[in-house]
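The chain contents come next:
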Amino acid sequence: MLQMLALAVLFGGLCQSAAPSCASAQTAAATEPAQTSLEAVEVAPPPPMASLLIAVNADDAEVRVDGEVVGQSPLAPLELPPGRHVVSVTRRGFQPGSRSLSLDASGARLDFALELDAAHPAQLDPEPEAEDIASGSPEWYRRWYVWAGVGGAVVVGAVIIGVVASSGGGTSAYPLPPIQP
Amino acid sequence: MTRARLFRPRPLRRALLTLGLVGLCLPALSCSSGGTEPFILRLIADDGSVPSGPHNAIILNAVDRVQVVIAPDRSSGNHFDALAPRLFDGGDVETRVSAAGEWVITLERPYIEAHAFDHGTTFALEIPLAIQNTTDDPAVHDPLMRVTFQRMGEIIASTERNVNWPLLPGDALDVVVFCPDATRFQCLNTPPP
């Protein structure tokens, strides 16, 4: 097909400078390449995707496919082009896991059973500040200044209420001393 | 351990921080609420609906001073301890104990205007009292309460009655104040004919 298309282009270029007698031949040749390109589109459909389910025994584990972060566990099935892929899973406090698989059109399931990392047990307590900032997905409720701000707002509110109540916002009660017998 | 790590709250530290701040708020809240409930003394101006006797309407504009006196039974030796005059509400309310051992509260016109419930031919004024002793001592007899409505230094309406002692926080007492015929025009803030 491509050979015919190349011939048509070459023939058309020659005809532009040649006698008008070749016009009919040019038309005929131009019609044929058009059909050819249509066929080319039809015969090159997008590659079929395959489903890959990645199951991890711990939530919030970061999952990468071919080095690219695809999300955190639990994940919905991924649609990937068939072929060889490398899946890696990391989570603080656990030993990382990595596997490669050859994915075909029928899809696959990959189970990761991460094991606790005894060498870094403290990392079980998430300290996401730096990474959160870097990833742009801060867990706001884990920021100390959020809670300090909430506490500060409560203090300020209480003080304002106290000041308003004691400065005539409400009527004060007048002390009545006891009667002495 | 880095300095940043030291100051980064863990869940327990976060909870303690929040609890600490809330703990700071509680004293402020308790101060603002004033502790126990007050006793409410509700003075009600006679509306003059009864056509005879001392029943004449008293309008709010006729009253420029209200005074309440609680007089213990002197014959039993009851008395209030001496107390220097104290001013409240910008000086519009004064409390003191007289030389006779009577507790006196005086409410001036600005306070009356600001706190009275005006009903046209009558009005009501609530006076909150912080009771400092609720012990029912049998040696203390029920005192006498005198309430006067004054206008330009003249008593235009008054009432007098015994009150059960001790007054209890959260309770209320309604006292109707009567305007006699002699001052019925003053009670309506109109010149006599």
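Just so we're clear, the structure is a prediction, and the values are computed from it rather than from any experiment.

Calculation rules
Residues numbered from 1 in each chain as written. Chains lettered and ligands numbered in written order. Predicted model: local features only at pLDDT ≥ 70, side-chain atom pairs only at ≥ 80, totals over all residues. Helix = DSSP H or I, 4+ residues; strand = E, 2+ residues; numbered from the N terminus. Buried ≥ 20, exposed ≤ 12 C-beta atoms within 10 Å, placed from the backbone. Contact = placed C-beta atoms within 7 Å. Pairing = 2+ DSSP bridges. Axes fitted to C-alpha atoms, helices over the stretch in contact; angles between N-to-C directions. pLDDT = per-residue confidence, 0-100. Core = buried A, V, L, I, M, F, W, Y, C linked by C-beta atoms within 7 Å.

Looking at the overall build of chain A
Counting its regular elements, chain A contains four helices and nine strands. Going from N to C terminus, chain A has its helices and strands arranged as α-α-β-β-β-β-β-β-β-α-α-β-β. Looking at chain A as a whole, 11% of its 181 residues qualify as buried. A separation threshold of at least 6 residues defines the contact pool for chain A, and within that pool the share at least 24 residues apart is 47%.

As for the sheet that holds strand S1 (residues 50-56) of chain A
Residue and element names in this part refer to chain A. With mixed pairing, the three strands of this open sheet are ordered in space as S4-S1-S7. Every interior strand has two partners, whereas the edge strands, strand S4 (78-80) and strand S7 (108-112), have only one. Shown here is a sheet whose adjacent strand axes are inclined to one another by a mean of 30 degrees, direction ignored. Pairing between S1 and S4: three bridges, direction antiparallel. Across the sheet, residue Ala 50 finds its bridge partner in S4, namely Leu 80.

Some thoughts on the confidence of the model for chain A
Residue and element names in this part refer to chain A. Per-residue pLDDT for chain A averages 72, and the proportion of residues at 70 or more is 60%. The element-level mean pLDDT for chain A is lowest in helix H1 (residues 2-17), coming to 42, with strand S8 (residues 174-176) highest at 93. Scored below 50 in pLDDT, residues 1-36 makes 19 contacts in the model with residues more than four places away or belonging to other chains.

Topic: the nonpolar core
Membership of the largest hydrophobic core comes to 40 residues, with the highest contact counts inside it found for Ile 58, Val 66, Ile 127, Leu 129, Ala 157 and Val 177 of chain B. By residue number, the principal contributor to this core is strand S8 (residues 123-131) of chain B, which donates five residues. Contact partners of Ala 157 of chain B, with chain neighbours within four places excluded, come to Ala 45, Ile 58, Phe 149, Val 177, Phe 178, Cys 179, Thr 183 and Cys 187 of chain B. One finds Ile 54, Val 87, Val 89 and Phe 112 of chain A within the second-largest nonpolar core, a separate group that totals 11 residues.

So, the confidence of the model for chain B
Parts of the model with low pLDDT should not have their predicted coordinates read in detail. All names here are of chain B. Summing up the model confidence of chain B, the mean pLDDT is 86 and the portion of residues at 70 or higher is 82%. With pLDDT under 50 throughout, residues 1-7 is counted as low confidence; its partners more than four residues away or in other chains account for one contact. Listed scores for the predicted complex are pTM 0.51 and ipTM 0.77.

Quick word on the pairing of strand S9 (residues 144-151) of chain B
Residue and element names in this part refer to chain B. Sheet topology note: the strand S2 (residues 65-71)/S9 ladder contains seven bridges and is antiparallel. Looking across to S9, one finds that Val 69 is bridged to Arg 146. Summarising the sheet, S9 and strand S10 (residues 154-162) pair through eight bridges and their orientation is antiparallel. In the strand pairing of S10, Val 147 is matched with Thr 159.

What about the sheet that holds strand S2 (residues 62-65) of chain A?
Residues and elements named next belong to chain A. Read across the open sheet, the four strands follow the order S3-S2-S5-S6; overall the sheet is antiparallel. Edge strands, defined here as strands with exactly one partner in the open sheet, are strand S3 (68-72) and strand S6 (97-103). Each strand of the sheet is rotated relative to its neighbour by a mean of 25 degrees, with strand direction disregarded. Two strands pair when backbone bridges link them, and S2 and strand S5 (residues 83-90) are joined in this way by four bridges, in the antiparallel orientation. If you follow Val 65 over to S5, its bridge partner there is Val 87.

Comments concerning unusual backbone geometry
Put simply, Ser 73 of chain A and Pro 74 of chain A share a cis peptide bond, and its omega is 0 degrees. With respect to the helices, strands and loops of the structure, Pro 74 of chain A is situated in the loop between S3 and S4. Residue Pro 166 of chain B follows Trp 165 of chain B across a cis peptide bond; omega there is 5 degrees. Within the chain, Asp 66 of chain A stands out as a residue other than glycine whose phi angle is a positive 55 degrees. With respect to the element layout, Asp 66 of chain A can be found in the loop between S2 and S3. Assessed through the 13 C-beta atoms surrounding it within 10 Å, Asp 66 of chain A is described here as partly exposed.

Notes on the environment of Ile 70 of chain B
Position of Ile 70 of chain B among the secondary structure elements: in strand S2. Remark: the alpha-carbon pair of Ile 70 of chain B and Glu 102 of chain B, spanning 32 residues in sequence, is separated by 5.7 Å.

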